[in-house]
Amino acid sequence: MKIYVVIWEDRHTDTDAFVFSTAEKAIEFAKAKAREYDRYGYFEEKVIKGWLYYACYSTEGDNLRVIECEMDTA
């Protein structure tokens, strides 16, 4: 079973991970949070190989990214 993980790296907090059942929900969450936390008017989306989504929301590299993983179904 595939799951979609949002990894949130912000220099002010610990790195967090949020799990979603669809890529669309994960990307929607990541986009919304990146725009919400854009404190400096710096929002940039990039296409990065191996990631479904990436957005940086500060000049110091704070970012959210979405990856696809296979869930252990044992």
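Residues numbered from 1 in each chain as written. Predicted model: local features only at pLDDT ≥ 70, side-chain atom pairs only at ≥ 80, totals over all residues. Heavy atoms only, no water.

(A) How the structure looks around the environment of A55. In this structure, A55 sits in strand β4 (residues 53-56). Take A55: its relative accessible area is 0%, and that puts it in the buried class. Beyond its immediate sequence surroundings of up to four residues, A55 is in contact with A34, F43, E44, E45, D62, N63 and L64. (Helix = DSSP H or I, 4+ residues; strand = E, 2+ residues; numbered from the N terminus. Buried < 20%, exposed > 50% of the residue type's maximum accessible area, 1.4 Å probe, protein only. Contact = heavy atoms within 4.5 Å.)

(B) Highlighting the nonpolar core. Counting 14 residues, the largest nonpolar core has V6, A26, A30, L64 and V66 as the members making the most contacts within it. Mapped onto this core, the elements with two or more residues apiece are β1 (2-9), α1 (23-36), β4 and β5 (63-70). Among all residues touching V66, those that are not within four sequence positions of it are V5, V6, A26, I27, A30, W51, L52 and Y53. (Core = buried A, V, L, I, M, F, W, Y, C linked by side-chain atoms within 4.5 Å.)

(C) Inspection of the packing of aromatic side chains at higher detail. One pass over the structure, following the stated rule, counts 6 aromatic pairs. Here the aromatic rings of W8 and F18 are separated by 6.1 Å at their centres, their planes lie at 45°, and the arrangement is tilted. Taken together, the residues span a long stretch of sequence, with W8 in strand β1 and F18 in strand β2 (residues 16-20) at a distance of 10 residues. A relative accessible area of 11% places W8 in the buried class. The class for F18 is partly exposed, based on a relative accessible area of 29%. Among the aromatic residues, those joined into a cluster by ring pairs are W8, F18, F20, F29, Y37 and Y57. The lysine or arginine in question, R35, covers the ring of F43, its NZ or CZ lying 4.0 Å from the ring centre. (Phe/Tyr/Trp six-rings, centres within 6.5 Å; stacked < 30°, edge-to-face > 60°. Lys NZ or Arg CZ within 6 Å of the ring centre and 35° of its normal.)

(D) Structural view of the side chain of D62. Along the chain, the position of D62 falls in the loop between β4 and β5. Its relative accessible area of 2% is what places D62 among the buried residues. Look past the residues within four positions of D62 in its chain and what remains in contact with it is E9, D10, R11, A55, C56 and Y57.

Any link to function would need more than the numbers given here.
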